[in-house]
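# Notes for the structure review
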Amino acid sequence: MINAVLVFNNNGQPRLTKFYTQLDTAVQQRLLSEIFTLVSARPNSACNFLPLPPLLAPSTSSSSSTTEQNDAPSLVTYRHYATLYFILISTSTESPLALLDLIQVFVESLDRLFENVCELDLIFNFETLHAVLGEMIVGGVVVETGLEKVVEGVKAQGRVAKRPVNEGRVGLTQGIWAGR
C-alpha cells in the first residue's frame, strides 16, 4: 500500500502532499522535513530507496502481528527530476521497482498533459496534478499504470468539467417554458 505521495522542489518546499493514511498534522510536518532532508542529502549516484525515518517506522514490539508490520509504512522511494523530487512512502509489500515505474508514469503523464512540465505548471494547475494522481492511485492502492489511459482519463475529466450542464439533453429548451 502506498501511504503518501510527496513532491518537493530543490529548496524543500512541498508542491504536493497526499497522505493515504491518517496522521496528525504535526507528525506530517516533521515527516516532510525529515524525508526531504534525507533525500536531498543523497548523491545522484545513490540508490533511490531508503528505509523510513524512525518517526513512522514500525516498532519491533513482540505483541504486534506480522500483518500489522506488513501494513506499516517502511520504505521511501524517490526520483529526482530537474528541480523536483517525487517521493512515495509505502509498505514493505510494494515492489520498489514497481514504485519507481509508477513515479516514471506519473511524471510522463504530467509531461504529456503540460507539454514539458515544470514546477510552475504544478503550482498553477494543481487540479490537474491531483487528477493524474487520482487516476493512478485510489486509497493508497495503484489502480492504473498505463500512460495512455491515465492521460485520456484526465483529459476526459477536463472535458466533463468544461461541458455546460444542459449539453447533450434534447428538448430542454422546449420544455415547460416553451410558449410562455
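Residues numbered from 1 in each chain as written. Predicted model: local features only at pLDDT ≥ 70, side-chain atom pairs only at ≥ 80, totals over all residues. Heavy atoms only, no water.

## Looking at the confidence of the model for the protein chain
- Taken over all residues, the pLDDT of the protein chain has a mean of 83, while the share at 70 or more is 79%.
- The least confident element of the protein chain, judged by mean pLDDT, is helix α2 (residues 66-71) at 56; the most confident is strand β6 (residues 137-138) at 94.
- For residues 60-64, every residue scores under 50 in pLDDT, and the model assigns this stretch 4 contacts once sequence neighbours within four places are set aside. (pLDDT = per-residue confidence, 0-100. Helix = DSSP H or I, 4+ residues; strand = E, 2+ residues; numbered from the N terminus. Contact = heavy atoms within 4.5 Å.)

## A short note on the pattern of salt bridges
- A complete count under the given rule lists 2 salt bridges for this structure.
- For the salt bridge of Glu119 with Arg15, the shortest nitrogen-to-oxygen distance reads 2.8 Å. Taken together, the positions of Glu119 in helix α4 (residues 119-124) and Arg15 in strand β2 (residues 14-19) put the pair 104 residues apart, joining distant regions of the chain.
- For Glu119, a relative accessible area of 18% corresponds to the buried category. (Salt bridge = Lys/Arg side-chain N within 4 Å of Asp/Glu carboxyl O. Buried < 20%, exposed > 50% of the residue type's maximum accessible area, 1.4 Å probe, protein only.)

## Brief notes about the environment of Ala98
- With respect to the helices and strands, Ala98 occurs in helix α3 (residues 96-114).
- The partly exposed category is assigned to Ala98, whose relative accessible area is 40%.
- Considering only alpha carbons, one finds Ala98 and Thr145, 47 residues apart in sequence, at a separation of 9.7 Å.

## Describing the pairing of strand β5 (residues 84-91)
- With 8 of 8 residues buried, β5 is to be regarded as a mostly interior element.
- A two-sided burial pattern is seen for β5, the buried positions comprising Leu84, Phe86, Leu88 and Ser90 on one face and Tyr85, Ile87, Ile89 and Thr91 on the other.
- Pairing of strand β4 (residues 73-81) with β5 involves 8 bridges; the strand directions are antiparallel. The residue bridging Arg79 from the neighbouring strand is Phe86, located in β5.
- Counting the residues that bridge the hairpin from β4 to β5 gives 2 residues, and of these Ala82 lies at a positive phi of roughly 50 degrees. (Pairing = 2+ DSSP bridges.)

## What about the sheet that holds β5?
- One open sheet accounts for 5 strands, arranged β2-β1-β5-β4-β3; its pairing is antiparallel. Each edge of the open sheet is held by one strand with a lone partner, namely β2 and β3 (49-51). The mean inter-strand angle of the sheet, taken between neighbouring strand axes irrespective of direction, is 20 degrees.
- Here 5 bridges tie strand β1 (residues 2-9) to β2, and the two strands are oriented antiparallel to one another. Paired with Leu6 across the strands is Thr17, a residue of β2.
- Helix α1 (residues 25-40) rests against β1, β2, β3, β4 and β5 of the sheet, and its axis sits at about 115 degrees to β5.
- Of the strands in this sheet, β1, β2, β3, β4 and β5 are in contact with α3, which crosses β4 at around 40 degrees. (Axes fitted to C-alpha atoms, helices over the stretch in contact; angles between N-to-C directions.)

## A look at the side chain of Thr77
- Note that Thr77 resides in strand β4.
- For Thr77, a relative accessible area of 0% puts it in the buried group.
- Apart from residues no more than four positions distant in its own chain, Thr77 is found in contact with Asn48, Phe49, Phe86, Ile87, Leu88, Pro96, Leu99, Leu100 and Ile103.

## Things to note about the packing of α3 against helix α5 (residues 126-136)
- Running from N to C, α3 and α5 cross one another at 140 degrees; their axes reach a closest spacing of 10 Å. Between α3 and α5, the angle is such that the two are oblique. Relative to α5, α3 is oriented so that their crossing is right-handed. Contacts from Leu102, Val105, Phe106, Ser109, Leu110, Leu113 and Phe114 in α3 reach Thr128, Leu129, Val132, Leu133 and Met136 in α5. (Parallel < 35°, antiparallel > 145°, perpendicular 65-115°, else oblique. Left-handed = near helix turned anticlockwise from the far one by under 90°.)

## Quick look at the nonpolar core
- Residues Ile2, Val5, Phe86, Phe106, Leu110, Met136 and Ile137 are the most contacted members of the largest nonpolar core, which totals 28 residues.
- Those elements that provide at least two residues to this core are β1, β5, α3, α5 and α6 (147-162).
- Of the residues forming this core, the biggest block, 8 residues, is contributed by α3.
- Once you skip the residues sitting within four places of it in the chain, Phe106 turns out to touch Val7, Leu16, Phe86, Leu129, Val132, Leu133 and Met136.
- Counting residues in each nonpolar core, the second largest holds 16 residues, with Ala4, Leu32, Tyr78 and Ile89 among its members. (Core = buried A, V, L, I, M, F, W, Y, C linked by side-chain atoms within 4.5 Å.)

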